[in-house]
Amino acid sequence: MLMSALLAGPAHAEKDHERHLLPETIDYALILPANLPHILKVAQAQAGRLGLDEAQKTLIRELIAEAPIKVFARLKQAETLEKALAQDVLSGALSAAELPPRLDSLASAKRAATEAQIATIGRIRASLSEVQFKQLLKLASSAGSH
């Protein structure tokens, strides 16, 4: 019994380590969140601290509802394209002539997600005062959102 527990420990730890190493969808962004933060959830969670009025809160809720379609679905598409491309390169199933259009598709998916994210940031910025937006960026930074 003790032996099986000892043997199970490292296997369990390895699985946790592997899970930790798995990339998240945001890892497929053209501009990583460390440089271009995803600020919607912070804006929603910190609405009181930011002094958001009802119109601003409504906009944040609308943007949160749109984000999975406009941003994260495209990031998931980029993830799928990148993994398939890598697998085809490593397996030798992809010729040099087939590479450029596949890379173009990957870049296009990442660009579409980034453009949607930038548009979302623009809509948030337009609805907040300059002071509110600066505070939001500080809160996002301290929350580790980027």
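Cut-offs applied
Residues numbered from 1 in each chain as written. Predicted model: local features only at pLDDT ≥ 70, side-chain atom pairs only at ≥ 80, totals over all residues. Heavy atoms only, no water. Helix = DSSP H or I, 4+ residues; strand = E, 2+ residues; numbered from the N terminus. Buried < 20%, exposed > 50% of the residue type's maximum accessible area, 1.4 Å probe, protein only. Contact = heavy atoms within 4.5 Å. Areas by Shrake-Rupley, 256 points an atom, 1.4 Å probe, with all protein chains shown as cover. Expected span 1.5 Å × (residues − 1). Core = buried A, V, L, I, M, F, W, Y, C linked by side-chain atoms within 4.5 Å. pLDDT = per-residue confidence, 0-100.

*Asks:* Sorry, what's going on with the overall build of the chain here?
*Replies:* Helix and strand counts for the chain come out as six helices and zero strands. Reading the chain from its N end, one meets helices and strands in the order α-α-α-α-α-α. Buried positions account for 27% of the 146 residues belonging to the chain. Of the contacts formed within the chain by residues at least 6 apart in sequence, a portion of 75% connects residues at least 24 apart. In the structure as shown, the chain presents an accessible area of about 9500 Å², 60% of it carried by carbon and sulfur atoms.

*Asks:* Looking at this structure, how should I read helix H5 (residues 99–127)?
*Replies:* Residue pairs three or four apart in sequence face the same way in an α-helix, which turns once every 3.6 residues. The terminal C-alpha atoms of H5, which comprises 29 residues, lie 42 Å apart, in line with the 42 Å expected from a rise of 1.5 Å per residue. Buried residues of H5: Leu106, Ala109, Lys110, Ala113, Thr114, Ala116, Gln117, Thr120, Ile121 and Ile124, and no others. Elements in contact with the buried residues of H5: helix H2 (40–45), helix H4 (54–91) and helix H6 (130–142).

*Asks:* Which parts of the structure should I look at to understand the nonpolar core?
*Replies:* It is characteristic of soluble globular proteins that their nonpolar side chains tend to be buried jointly. One finds Ile39, Ile124, Phe133 and Leu136 to be the most contacted residues of the largest nonpolar core, which totals 19 residues. Broken down by secondary-structure element, the contributors of at least two residues to this core are H2, helix H3 (47–50), H4, H5 and H6. Residues in contact with Ile124, not counting those within four places in the same chain, are Ile39, Leu40, Ile60, Leu63, Phe133 and Leu136. If you look at the next biggest cluster of nonpolar residues, it comprises six residues, including Tyr28, Ala78, Leu106 and Ala109.

*Asks:* Would you explain the confidence of the model for the chain in this entry?
*Replies:* Segments scoring low in pLDDT should not have their predicted coordinates read at a detailed level. Mean pLDDT for the chain: 83, with 82% of residues reaching 70 or above. The least confident element of the chain is helix H1 (residues 2–21), whose mean pLDDT is 40; the most confident is H3, at 97. Within the model, pLDDT remains below 50 along residues 1–22, and this stretch shows zero contacts once partners closer than five positions in the same chain are excluded.

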